[in-house]
Amino acid sequence: MMMEMRKKTSLVLVTPLLGFLLLLLAGFLLPPVAQAANKGMLTGVHGNRDLMPKSCRACHRGMRMSIRGEEKVCLTCHGGPVQRQAMEAGGYLVRSSRVNLQSIEAELRKPYNHPVLTVKNVHHKDEELPESQVSAKRHAECVDCHEAHSATRDKPFRGIQGKRFGNFVTDVSKEYELCYRCHGRSANLPADSTDKQLEFRLTNKSYHPVEGEGANTHVISLKEPYAERRQRPGDISVISCSDCHGNDNPSGPRGPHGSTYRGLLVANYEMEDGRNESALAYALCYKCHERSSILGNESFPYHSQHILGNRGKNQPGTSCFTCHDAHGSSSNQYLIRFNADVVEENAAGKLEFKAQGVASRKGSCALSCHGVDHEPKRY
Ligand code: HEC
Ligand code: HEC
Ligand code: HEC
Ligand code: HEC
Ligand code: HEC
Ligand code: HEC
Ligand code: HEC
């Protein structure tokens, strides 16, 4: 803390050149936490002098070379073509046929996004995430997910601080660790949001396999190359948040910046009751789970009856979301979590799912749904 104070006051007092030297020196002066981020050097893509000949100056400009973590500086190159051309004209960026910088700004303007453009002056360079203050305003800036001095193409979040062990902070190495900085045990989670770190725990009854391989060894609907266990070289048995959350346009820039689909999802997912089933309605799930297997009742014998509904009997089709959580469940197998907007307690006051066990394809549900009492119903 003392060190930080001293650095700040010096920067205000000294001439620009000295300020620049101090920035370089800051790498040595900063407390261990900040040093871990390697701020005195450019170890990632931004260190390529062929592309960015003015080095630090590409981002640190003005009298004191001071910088705040707002997106504006990043969008000079990662925004629209007009800004980028100005950077080229200023000699900060060299046009190269190898590099195709797409607009992240355009992504952030899509209807479902991280609030990078809309939340201002909340990010603080010395902040600690996950947030411990209940009243702290929520935010997400580029620099919360990308460490500009060390980001690489393969690891765009390299250098971001993750877990804390006493005085030491390790860098984020897995994407989910990055997301948990704000969607895990943050004290300021919105009321309608939950702790994702709890949902993906490998000790849960069921979970989508993000932190490690899944709890279920018989997921019959899985499409290649997805598999319960990695047995052959091409098998994918562990997925990432980005497999579901990210750009709706597969040929646009990667990452959870923005999407035209609700939930910042890569594909459409209807969550309401009464929608007609189609490849599009549940496209997100059908990306990895064979539609014909689900509708063919290869696992749950009443999948099609519930999902398609029965118009003759005036029973609307229902969404996967009515019965399944997309993340994980600490209490139920098969990602079962009933949607409270649709499903209620049965006449006996019960609301529960019981499964007989992996691959038995037998279980029971006690609940009430559209006036149909399950007291309980078995399958
Ligand atoms: C691609 C843009 C970019 C480049 C290039 C860059 N920086 Fe930075 N730097 C940033 C941003 C953004 C921050 C603020 C991060 C935050 O607020 O969390 C920062 C912060 C810093 C800090 C911490 C400052 C403080 O007030 O705590 C130091 C030190 C630093 N940079 C040094 C350098 C040096 C030295 C170079 C050149 C070798 C350099 N940076 C090049 C974007 C850049
Ligand atoms: C002067 C132009 C410039 C500025 C300013 C700039 N970048 Fe970059 N950025 C680049 C270039 C060039 C690359 C390399 C692209 C490549 O190799 O394909 C890059 C790559 C990246 C990557 C790695 C992913 C990739 O496609 O290679 C990330 C992440 C990134 N920048 C984030 C940021 C952030 C965050 C800021 C603001 C703190 C920022 N950039 C500011 C020019 C810039
Ligand atoms: C620095 C904080 C921060 C980090 C890191 C972060 N987020 Fe967020 N995220 C937010 C904020 C703020 C919102 C707006 C809603 C809220 O406050 O939760 C949000 C919203 C979302 C939403 C809901 C969007 C919608 O329109 O419904 C999803 C999905 C999401 N984030 C996924 C992710 C994923 C995946 C990662 C990791 C790759 C991640 N986030 C990392 C701060 C963060
Ligand atoms: C990126 C690929 C992917 C997507 C998208 C996906 N899944 Fe999965 N899902 C998997 C994998 C891999 C497993 C196997 C996990 C295991 O072995 O336990 C799985 C397992 C499951 C299971 C069984 C879990 C258990 O423990 O029994 C259910 C239920 C499920 N998914 C439902 C869904 C639903 C509903 C959606 C859409 C909201 C969806 N999945 C989207 C990859 C995916
Ligand atoms: C199999 C697909 C899938 C995976 C993997 C996945 N999500 Fe989601 N996520 C969804 C769906 C579908 C929704 C919207 C329905 C809902 O809210 O449950 C959602 C909603 C969200 C929301 C907004 C609702 C809320 O509770 O705030 C956040 C934030 C989020 N996910 C974060 C994450 C993070 C972080 C990861 C990785 C650790 C992740 N998701 C992995 C499918 C997925
Ligand atoms: C909530 C976290 C988050 C925020 C905020 C965020 N990014 Fe990203 N970004 C990611 C993740 C995660 C990836 C990589 C996804 C992957 O590897 O599939 C990524 C990828 C990228 C890439 C590489 C795209 C590609 O296809 O090569 C660039 C460039 C980038 N981000 C720049 C930015 C800039 C500039 C900002 C701010 C204007 C920003 N990001 C804000 C999480 C974020
Ligand atoms: C009425 C509740 C309900 C609805 C709606 C529902 N499921 Fe299920 N699903 C279940 C139950 C119960 C099981 C567990 C069956 C067992 O005991 O093996 C299951 C099992 C699964 C499994 C794991 C086994 C397998 O088939 O690979 C997947 C994946 C799955 N459902 C996906 C979906 C998708 C995708 C949708 C929407 C298109 C959906 N479910 C809609 C109740 C439901």
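Cut-offs applied
Residues numbered from 1 in each chain as written. Chains lettered and ligands numbered in written order. Predicted model: local features only at pLDDT ≥ 70, side-chain atom pairs only at ≥ 80, totals over all residues. Heavy atoms only, no water. Near = heavy atom within 4 Å. Polar contact = N/O pair within 3.5 Å; in protein donor to acceptor, adjacent residues only side chain to side chain. Helix = DSSP H or I, 4+ residues; strand = E, 2+ residues; numbered from the N terminus. Nonpolar A, V, L, I, M, F, W, Y, C, P; charged D, E, K, R; others polar. Donors = N, O, S within 2.8 Å, 3.2 Å for Na, K, Ca; no water. Tetrahedral: all angles 85-135°; square planar, octahedral: opposite > 155°, others 65-115°. Phe/Tyr/Trp six-rings, centres within 6.5 Å; stacked < 30°, edge-to-face > 60°. Buried < 20%, exposed > 50% of the residue type's maximum accessible area, 1.4 Å probe, protein only. Salt bridge = Lys/Arg side-chain N within 4 Å of Asp/Glu carboxyl O.

K.L.:
With reference to specific residues and values, describe the site of ligand 7.
P.N.:
Taken together, 23 residues form the shell around ligand 7, and within it His303, Cys320, Cys323, His324 and Tyr379 come nearest. At 2.7 Å from an oxygen atom of ligand 7 is found a side-chain nitrogen or oxygen belonging to Ser221. One of the side-chain N or O atoms of His303 is found 2.8 Å from a nitrogen atom in ligand 7. For the shell around ligand 7, the secondary structure elements donating two or more residues are helix H11 (283-286), helix H13 (303-308) and helix H14 (320-323). It is H13 that provides the largest number of residues to the shell around ligand 7, a total of three residues. Grouping the amino acids of the shell around ligand 7 by side-chain chemistry returns 14 nonpolar, eight polar and one charged.

K.L.:
If you had to explain the coordination of the iron atom of ligand 2 to someone new, which residues and values would you point to?
P.N.:
Taken together, the protein donors to the iron atom of ligand 2 comprise His46 (NE2) and His78 (NE2), at separations of 2.0 Å. Seen from the iron atom of ligand 2, its six donor atoms lie at angles of 88 to 179 degrees, and the figure they make is octahedral. Pair noted here: His46 is in the loop between helix H3 (32-35) and helix H4 (72-78) and His78 is in helix H4, with a separation of 32 residues, a long-range link.

K.L.:
Let's hear about the site of ligand 6: which residues, and what values?
P.N.:
Not every one of the 19 residues close to ligand 6 is listed here, only the nearest: Cys142, Cys145, His146, Arg254 and His257. In the environment of ligand 6, an oxygen atom lies 3.4 Å from a nitrogen or oxygen atom belonging to the side chain of Arg153. Contact distances for ligand 6 include 2.8 Å between an oxygen atom and a backbone N or O atom of Arg254. Within the residue set of the shell around ligand 6, elements represented by two or more residues are H4, helix H6 (104-108) and helix H7 (142-145). Ranked by the residues each element gives to the shell around ligand 6, the list is headed by H4, at three residues. Of the residues in the shell around ligand 6, the class split is 10 nonpolar, five polar and four charged.

K.L.:
Kindly report on the packing of aromatic side chains, identifying the contributing residues and their values.
P.N.:
Counting across every chain of the model gives six aromatic pairs. Ring geometry for Tyr176 versus Tyr180: centroids 5.5 Å apart, planes at 50 degrees, classification tilted. A residue pair is termed a helical-turn pair when its members lie 3 or 4 positions apart in one helix, as Tyr176 and Tyr180 do in helix H8 (residues 175-183) at four residues. Note on Tyr176: relative accessible area 14%, which makes it buried. With a relative accessible area of 7%, Tyr180 lands in the buried category. Residues Tyr334 and Phe353 carry aromatic rings whose centres are separated by 6.4 Å and whose planes lie at 80 degrees to one another, so their mutual orientation is edge-to-face. In this pair, Tyr334 is assigned in the loop between strand E6 (328-329) and strand E7 (343-344) and Phe353 in strand E8 (residues 352-355), connecting sequence segments 19 residues apart.

K.L.:
Explain the pattern of salt bridges residue by residue, including any values.
P.N.:
Applying the stated criterion across every chain, the model contains 16 salt bridges. For Glu272, the salt bridge goes to Arg262, with nearest N and O atoms at 3.1 Å. Pair noted here: Glu272 is in the loop between strand E5 (258-259) and H11 and Arg262 is in the loop between E5 and H11, with a separation of 10 residues, a long-range link. Classification of Glu272 as partly exposed rests on a relative accessible area of 32%. Three or more residues are tied together by salt bridges with common partners; here these are Arg262, Glu270, Glu272 and Arg275.

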